[in-house]
Amino acid sequence: MPLHCDFLIIGAGVAGLRAAIELAPHGKVLVLTKDSLKESSSEYAQGGIAAALAADDQTELHLQDTLVAGDGLCDEAAVRTLVTEGPAAIEELIKWGAGFDRNGAELLFAREGAHSRSRILHAQGDSTGRELARTLYWKAASFPNVEFKRFAAMTDLLVDDGGAVGGAVVFDQKSQASLAVYARGVLLATGGLGRVFSDTTNPDVATGDGVATAFRAGADIADLEFVQFHPTALSLPGAPRFLLSEALRGEGAYLRNSKGERFMDRYHPLGDLAPRDVVARAIVMEMRNTGGAVFLDLTHLGADHVRVRFPRIYETCLLFGIDLGRQQAPVHPAAHYAMGGVLTDLHGQTSVERLFAAGEAACTGVHGANRLASNSLLEGVVFGERVGRVMANLTARPGALEIDLPENRFPQISQVELRRLAWEQCGIVRDGTGLQTAVDTLANLPHAGRGDLSRVDFDTRSIDEVLRILATCALARQESRGGHFRTDFPVKDDVHFRAHSVIARHRGVRFVGQINPA
């Protein structure tokens, strides 16, 4: 039996939850989660949320820091929206019960890489995403019109004869069957795509489903070649690539090579607080040059300080035999955040009618080629509210809508092989030969239908689709900028490529100057 609602939200991170709150007074809202409610990128976000709230800060400074980090590719209108609406969004979260860290009665602001002021708010030191998700969930769940359906993975969008989205196909893991969900409008708040790569800080659900399904539905995808590889993921045999937050370096942690040398000053004037893409490449170069590991050193900060300031990180590292107060932690970059995604305007509208996107699944141009630390949670809250306001005005469809479920065809390759291909050919350091290898390999993959299906099959299909787009766009961008670095084109080319890549299902890559012009 199909399900019916007014507004369908795919994903329960901060963007999806904030949109649900906005939509609740206007109709029935159904929020689908691929796993449990706690399995989202927001939940794992250790870093904080940035906003110009401190006495010595200004929104213009936040704007300029974001533009600089974006390496010439941020759309200023999108950034200005983020930084000007951000402070009020934070105040609203506090009103709803968000418990940010304080020094007495005053909010405690920290500084992270590429920020010119201390403007980062944290919750419980390193659990900011979890606290925001908790706050927004309880607010959303307080509305009788908001319903949650867990372990329901969106696998396709339903598109009517006029090209408008009328709902989604969902794989229900309990019944192991697909069902249709019809709605006035659909919001993709599916989070990131880190699981496309073999090394990632992202949870298992982050397989780029929003990008993959939107692409198949005909939507424009922008800037997907720009992937942020977080420089400091825990690198121990048998341990997950657990994120060691940039806040650690903001607090005074050092990076050291295998010889014990601090090396970041050789790569950037900001040293250990340089932009993430610079730090990630510097770590790779140091490992190549010394033949050894790179370590994050907090020992000089004192064991008690580290344990109290970053309890979640401290306890997790301790589980794997690393006492951060007394030992250096081996680190290695890992895929962390996608600057690109489904192209939207400043209200979350995609190029497909009645289809919206927000948060990491979307591309508004706010992050440019490289996201500024702690802007992502803010983006989810600000643009989640904006998209909710617009979706609330959608009119109900006249009459009943019935759309045939699309045929399922799956790549005949394992997830392990796809993710290895992504890491080796489309990872931190790229070149034309490797990217062409990835494009050709994916183009020649056979696809076939399957009998008994599982979520793994649909996840593999999403990874395949996303990797095709990413490799194609990275091959077309013949320069190095932000999170995209090519050894065969190692410098920026503002003449040809100070522009956003845009690709759609039946159109190749094109480059456009502004996606959300002022």
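Here, the structure is the one placed above.
Keep in mind that this is a model prediction, so the values were computed, not measured.

Calculation notes
- Residues numbered from 1 in each chain as written.
- Predicted model: local features only at pLDDT ≥ 70, side-chain atom pairs only at ≥ 80, totals over all residues.
- Heavy atoms only, no water.
- Pairing = 2+ DSSP bridges.
- Helix = DSSP H or I, 4+ residues; strand = E, 2+ residues; numbered from the N terminus.
- Axes fitted to C-alpha atoms, helices over the stretch in contact; angles between N-to-C directions.
- Contact = heavy atoms within 4.5 Å.
- Core = buried A, V, L, I, M, F, W, Y, C linked by side-chain atoms within 4.5 Å.
- Buried < 20%, exposed > 50% of the residue type's maximum accessible area, 1.4 Å probe, protein only.
- Phe/Tyr/Trp six-rings, centres within 6.5 Å; stacked < 30°, edge-to-face > 60°.
- Lys NZ or Arg CZ within 6 Å of the ring centre and 35° of its normal.
- Polar contact = N/O pair within 3.5 Å; in protein donor to acceptor, adjacent residues only side chain to side chain.
- Expected span 1.5 Å × (residues − 1).
- 1 Å grid on protein atoms, 1.4 Å probe; cavity = no way out; pocket = protein on both sides within 12 Å on 5 of 7 lines; lining within 4 Å.
- Points joined across faces, edges and corners; volume = space filled by probe spheres on them.
- Nonpolar A, V, L, I, M, F, W, Y, C, P; charged D, E, K, R; others polar.
- Parallel < 35°, antiparallel > 145°, perpendicular 65-115°, else oblique.
- Left-handed = near helix turned anticlockwise from the far one by under 90°.
- Disulfide = S-S within 2.5 Å.
- Salt bridge = Lys/Arg side-chain N within 4 Å of Asp/Glu carboxyl O.

Asks: Looking at this structure, I do not really get the sheet that holds strand β17 (residues 294-297). What am I missing?
Replies: Each strand in a sheet pairs with its neighbour through backbone hydrogen bonds, running either in the same direction (parallel) or in the opposite one (antiparallel). Read across the open sheet, the 4 strands follow the order β15-β18-β17-β16; overall the sheet is antiparallel. The sheet is open, and its two borders are formed by β15 (227-234) and β16 (254-256), each paired with just one other strand. For this sheet the average axis-to-axis angle between neighbouring strands, irrespective of direction, equals 45 degrees. Sheet topology places β16 next to β17; 3 bridges connect them, and they run antiparallel. Within the sheet, the bridge partner assigned to Leu255 lies in β17 and is Leu296. Packed onto the sheet, helix α12 (residues 415-426) meets β15 and β18 (329-338) and runs at close to 100 degrees relative to β18.

Asks: Looking at this model, I keep getting lost on the nonpolar core. Mind explaining?
Replies: Within soluble globular proteins, side chains that are nonpolar generally end up buried alongside one another. Ranked by size, the top nonpolar core spans 58 residues in total, and within it Leu8, Leu157, Leu188, Phe197, Ile221 and Leu355 carry the most contacts. Here the element with the most residues in this core is helix α14 (residues 455-476); it accounts for 9 residues. Residue contacts for Leu157: discarding those within four places in its chain leaves Val165, Gly167, Ala168, Val186, Leu188, Thr213, Ala214, Ala217 and Leu355. Among the nonpolar cores identified, the runner-up in size contains 50 residues, and Leu23, Leu107, Leu346 and Phe356 belong to it.

Asks: Quick question: what am I supposed to make of the packing of aromatic side chains here?
Replies: Aromatic ring pairs are described here by two measures, namely the spacing of the ring centres and the angle between the planes. Following the criterion strictly, the structure yields 8 aromatic pairs and no others. With a centroid separation of 5.2 Å and an interplanar angle of 65 degrees, the aromatic rings of Tyr137 and Trp138 are classed as edge-to-face. With relative accessibility at 56%, the residue Trp138 sits in the exposed group. Ring geometry for Tyr137 versus Phe148: centroids 5.0 Å apart, planes at 55 degrees, classification tilted. A residue pair is termed long-range when its members are at least 10 positions apart, and Tyr137 in helix α5 (residues 128-141) and Phe148 in strand β9 (residues 146-149) qualify at 11 residues. An aromatic cluster is built from Tyr137, Trp138 and Phe148, whose rings are joined through pairwise contacts. Directly above the ring of Phe310 sits Arg309, whose terminal nitrogen or CZ lies 5.3 Å from the centroid. Above the face of the Tyr337 ring, Arg371 is positioned so that its terminal group lies 4.3 Å from the ring centre.

Asks: What should I look at first to understand the sheet that holds strand β11 (residues 165-172) in this one?
Replies: Taken in spatial order, the 4 strands make up an open sheet running β1-β12-β11-β10, and their pairing is mixed. Each edge of the sheet is formed by a strand with only one pairing partner; in this case those strands are β1 (3-4) and β10 (152-159). Here 2 bridges tie β1 to strand β12 (residues 177-182), and the two strands are oriented parallel to one another. Paired with Leu3 across the bridge in β12 is Val181. Running at roughly 55 degrees to β10, α14 makes contact with β10, β11 and β12 of the sheet.

Asks: Explain the side chain of Thr81 to me, please; I cannot follow it from the model alone.
Replies: Topologically, Thr81 is positioned in helix α4 (residues 76-95). Polar contacts involving the side chain of Thr81 include one to the main-chain carbonyl oxygen of Ala77, which spans 2.9 Å. In this view, Thr81 contacts Leu346, Val382, Phe383 and Arg386; residues no more than four positions away in its chain are not counted.

Asks: How should helix α11 (residues 376-391) be read in this particular structure?
Replies: Counting along an α-helix, one turn takes 3.6 residues, and residues three or four places apart therefore face a common direction. Spanning 16 residues, α11 covers 22 Å between terminal C-alpha atoms, matching the ideal 22 Å at 1.5 Å per step. Burial analysis of α11 places 14 of its 16 residues in the buried class, which makes it a mostly covered element.

Asks: Would you explain the layout of surface pockets in this entry?
Replies: It is the rolling of a water-molecule-sized probe over the atoms that shows where space remains empty. Reported here for the second largest pocket is a volume of approximately 430 Å³. For the second largest pocket, the lining is made up of 19 residues, of which Asp156, Arg216, Glu407, Arg461 and Arg505 are closest to its centre. Within the residue set of the lining of the second largest pocket, elements represented by two or more residues are β10, α6 (209-216) and α14. Tallied by class, residues from the lining of the second largest pocket come to 7 nonpolar, 2 polar and 10 charged.

Asks: What exactly am I supposed to notice about the packing of α12 against α14 here?
Replies: Helix packing geometry: the angle between the two helix axes and the distance between the axes. Contact geometry for α12 and α14: axes closest at 10 Å, N-to-C directions at 20 degrees. The angle between the axes of α12 and α14 places the two elements in the roughly parallel class. Handedness of the α12/α14 crossing: left-handed. From α12, Gln415, Leu418, Arg419, Leu421, Ala422 and Cys426 reach across to α14, where they touch Val456, Asp459, Thr460, Ile463, Asp464, Leu467, Leu470 and Ala471. In terms of residue class, the contact of α12 with α14 is built from 9 nonpolar, 2 polar and 3 charged.

Asks: It is not clear to me how the state of the cysteines should be interpreted in this structure. Could you clarify?
Replies: Here, disulfide denotes a covalent bond that connects the sulfur atoms of two cysteines. Taken as a whole and judged by the stated rule, the model has 0 disulfides. Cys74 takes part in no disulfide bond, and the closest cysteine sulfur to it belongs to Cys363, at a distance of 10 Å. Owing to a relative accessible area of 10%, Cys74 belongs among the buried residues under this scheme.

Asks: Help me understand the packing of helix α13 (residues 432-443) against α14, please; the structure alone is not making it clear to me.
Replies: Taken N-terminus to C-terminus, the directions of α13 and α14 make an angle of 145 degrees; their axes are 9 Å apart at the nearest point. Classified by chirality, the crossing of α14 by α13 is left-handed. On α14, the residues touching Gly432, Leu435, Gln436, Ala438, Val439, Leu442 and Ala443 of α13 are Asp464, Leu467, Arg468, Ala471, Thr472, Ala474 and Leu475.

Asks: Would you mind showing me how to read unusual backbone geometry here?
Replies: The phi torsion of most residues other than glycine is negative, and most of the peptide bonds are trans. Phi at Asp223 is positive, roughly 60 degrees, even though this residue is not glycine. Within the secondary structure, Asp223 sits in the loop between β14 (221-222) and β15. What makes Asp223 buried here is its relative accessible area of 1%. Even without a glycine there, the phi angle at Arg354 is positive, about 70 degrees. Its place among the elements puts Arg354 in the loop between β19 (341-343) and β20 (355-357).

Asks: I would appreciate a short explanation of the pattern of salt bridges in the present structure.
Replies: Pairing between side chains becomes possible if they bear opposite charge and their charged atoms approach one another. Scanning the model with the defined rule gives 40 salt bridges in all. One salt bridge connects Asp204 with Arg195, and the closest N-O pair in it is separated by 3.3 Å. Taking relative accessible area as the criterion, Asp204 reaches 44% and is therefore assigned partly exposed. Look at the salt bridges and you will find they share partners, linking Arg18, Glu22, Glu92, Glu385 and Arg389 into a network.

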